Amino acid sequence: MKLTWAQLREEVKYTAKQIGFNLIWIPWTTAVIYWLSGWTPVSSETIVALSSISLAIMFSLVFSGAIFREKLLGIHELLLSLPFSPTHLLLLKTLAGFVIEVTGILLGSLIGLLLADYSGIHIPLTVMVSGLLISTPLLFTFTFFVILTTLLFSSTWFNAVKIAIGFVAFFVPLYVPRYFGNVLSLKLALMLSLVISVGISIPSLLIIKSLGDHLAERTLLV
Amino acid sequence: MIVLEDVRKTIGGREILRGVSLTVKPGKIHAYLGHNGAGKTTTFRLVLGLLSPDSGKVEVLGSNPLKNPKIRAKIGYLPEYDLLYPNFSVWDNLRRYALLKGVYDENELRDLLEFFKLTEYSKKKVSALSSGTRRRVAMARAFLGGPEVLIPRRADERP
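Just so it is clear, the structure is predicted and the values come from calculations on it, not from any experiment. Numbering of residues starts from 1 in every chain and runs along the sequence as written. A letter from A marks each chain and a number from 1 marks each ligand, given out in the order of writing. Selection of residues for local features in this predicted model requires a pLDDT of at least 70, selection of side-chain atom pairs for listing and counting requires 80 or more, and totals for whole chains, interfaces and linings are taken over all residues.

## Quick notes on unusual backbone geometry
Residues and elements named next belong to chain B.
- Non-glycine residue Leu83 carries a positive phi angle of around 50°.
- For Leu83, the position within the fold is in the loop between strand E4 (75–78) and helix H2 (90–101).
- To sort residues by exposure, count the other C-beta atoms lying within 10 Å of each residue's C-beta; 20 or more gives buried, 12 or fewer gives exposed, and values between give partly exposed, all with C-beta atoms placed from the backbone. For Leu83, a count of 22 C-beta atoms within 10 Å corresponds to the buried category. For the purposes of this entry, the term helix denotes a DSSP run of H or I that reaches at least four residues, the term strand denotes a run of E that reaches at least two, and both are numbered from the N terminus.

## Concerning the interface of chain B and chain A
- For every residue pair, C-beta atoms are placed from the backbone, and the pair is scored as a contact if these atoms sit within 7 Å. Contacts between the two partners involve 21 residues from chain B and, on the opposite side, 23 residues from chain A.
- When grouped by side-chain class, the residues that make up the side of chain B that touches chain A number 15 nonpolar, two polar and four charged. Each residue is assigned to one class: nonpolar for Ala, Val, Leu, Ile, Met, Phe, Trp, Tyr, Cys and Pro, charged for Asp, Glu, Lys and Arg, and polar for all the others, Gly among them.

## Describing the packing of helix H3 (residues 44–62) of chain A against helix H7 (residues 125–152) of chain A
All names here are of chain A.
- Where H3 meets H7, the axes come as close as 8 Å, and the angle between the chain directions of the two elements is 25°. Relative to H7, the element H3 lies roughly parallel. In this structure, H3 meets H7 at a crossing whose hand is right-handed. In this structure, H3 contributes Ser44, Glu45, Val48, Ala49, Ser52, Ile53, Leu55, Ala56, Ile57, Phe59, Ser60 and Leu61 to the contact, and H7 contributes Val127, Gly131, Ile134, Ser135, Leu138, Leu139, Phe142, Thr143 and Val146.
- Of the residues in the contact of H3 with H7, the class split is 14 nonpolar, six polar and one charged. Interaxial angle, 0 to 180 degrees, is taken between N-to-C directions of lines fitted to C-alpha atoms, where a helix line uses only the stretch in contact. An angle below 35 degrees is treated as roughly parallel, one above 145 as roughly antiparallel, one from 65 to 115 as roughly perpendicular, and anything else as oblique. Take the far helix as the reference: if the near one is turned anticlockwise from it by less than a right angle, the crossing is left-handed, and if turned clockwise, right-handed.

## Some words on the confidence of the model for chain B
- Confidence of the predictor in every single residue is expressed as pLDDT, which spans 0 to 100. Across chain B, pLDDT averages 93, with 97% of residues at or above 70.
- Scoring the predicted complex yields pTM 0.91 and, for the interface, ipTM 0.91.

## Some points on the nonpolar core
- For this entry, the nonpolar core is defined as buried Ala, Val, Leu, Ile, Met, Phe, Trp, Tyr and Cys residues connected by C-beta atoms within 7 Å. With 93 residues, the main nonpolar core has Ala56 and Ile147 of chain A together with Ala140 of chain B as its most contacted residues.
- If one sorts the elements of this core by residue count, H7 of chain A sits on top with 12 residues.
- An automatic or database domain assignment supplies the start and end points of every domain. Residues lining this core come from more than one domain, with at least three contributed by each of domain 1 (2–67) and domain 2 (78–152) of chain B.
- If near-sequence neighbours (up to four positions away) are discounted, Ala56 of chain A is found in contact with Ser135, Leu138, Leu139 and Phe142 of chain A.

## Side note on the environment of Val195 of chain A
- Assignment of secondary structure puts Val195 of chain A in helix H9 (residues 186–211).
- In sequence terms Val195 of chain A and Gly166 of chain A are 29 residues apart; their C-alpha atoms lie 19 Å from each other.

## With respect to the packing of helix H1 (residues 5–19) of chain A against helix H4 (residues 64–73) of chain A
All names here are of chain A.
- Remark: H1 packs on H4, axes separated minimally by 9 Å, with the N-to-C direction vectors making an angle of 95°. Accordingly, the angle class assigned to the pair H1 and H4 is roughly perpendicular. Between H1, through Thr15, Gln18 and Ile19, and H4, the contact on the second element is made entirely by Gly65, Ala66 and Arg69.
- Residue classes in the contact of H1 with H4 are distributed as two nonpolar, three polar and one charged.

## Observations regarding the sheet that holds strand E2 (residues 14–24) of chain B
Residue and element names in this part refer to chain B.
- Strands pair, by our definition, only if DSSP identifies at least two bridges between them. The strand order across the open sheet formed by three strands is E2-E1-E3, and the pairing between neighbours is antiparallel. Among the strands making up the open sheet, the edge pair consists of E2 and strand E3 (55–60). Here the average twist between neighbouring strands, direction ignored, is 25°.
- Here strand E1 (residues 2–11) runs beside E3; their pairing, made up of five bridges, is antiparallel. Across the sheet, Ile2 pairs through a bridge with Val60, a residue of E3.
- Against the sheet, helix H1 (residues 40–48) makes contact with E1, E2 and E3, and its axis sits at roughly 120° relative to E1, the strand it touches most.

Right under this line is the structure:
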């Protein structure tokens, strides 16, 4: 069965309902970072470059909650009994998360630009677009990785690791420029994002390939 | 038609199914009984293509449900537990499942609600329903899309 718009729309609607407060948190955090970027001694490009990577990693982690909840309720088994492969289900959930993330970041960036402009700080629109471009590959690959690993390894220690990664991602754009200055240009950030995306896609694909027909079984029996 | 031939399945080092063979012909109703831990759930999961057998053959309507997941569109599954979204309404639960299954038809959904005497509850959240009503919702969900094969778990539970 091919992925349909109706399925994607339904999954976006469902995911948006499940992540609740995070639906506001994603654009709000993005807006604040954009707004504050004008107040720091380093260039807004550095802040946007660093934030685009950090935010993509942080926001991807948000979706593990909705997945974990479905597993906890046992609904995951019902979803696996639908007429498509488990990889299709993973892609559907990843795409739904991706749509919410990109919309949230876009909305947050625009609000952030307006707020910055209102405060007399001009951030070029090209910087914002570059920020979104930097985030995009990471948002997709990291969300896919987070969903896959949440389905395969839901446990307390794994949740602790995710929280730790989230914290590191949160503090990087706040503290790295303060101590290291203009460490990252937009170009370098885009390359870094692509490298991390490829790096994170390799284990995801290897897991799926190695499990083969046992993918549904492994996610079900954890 | 469901066919299992000499199916073996081991999970976590424990042999759950040892050479299970069965045939369910079209138009027939079969009961699959066994004590706790006998492997009923594992058998149903194999029939749905959620597990892969260590050896043997599993076929539903002439296809292996693991290799050809599309065949699951013709299977109605009523799990042991209702597995409904508690914070969603009855309508939203059914609608979501039908959309994901690719069988959404608003008229059919209304008919099913009526058949299972759920019309008055359609806008109510599942968490506010009695266990019997929740079971009826799960039953209605199993009938979405007019399945050719129905697998009701715990069919003895009367709502």
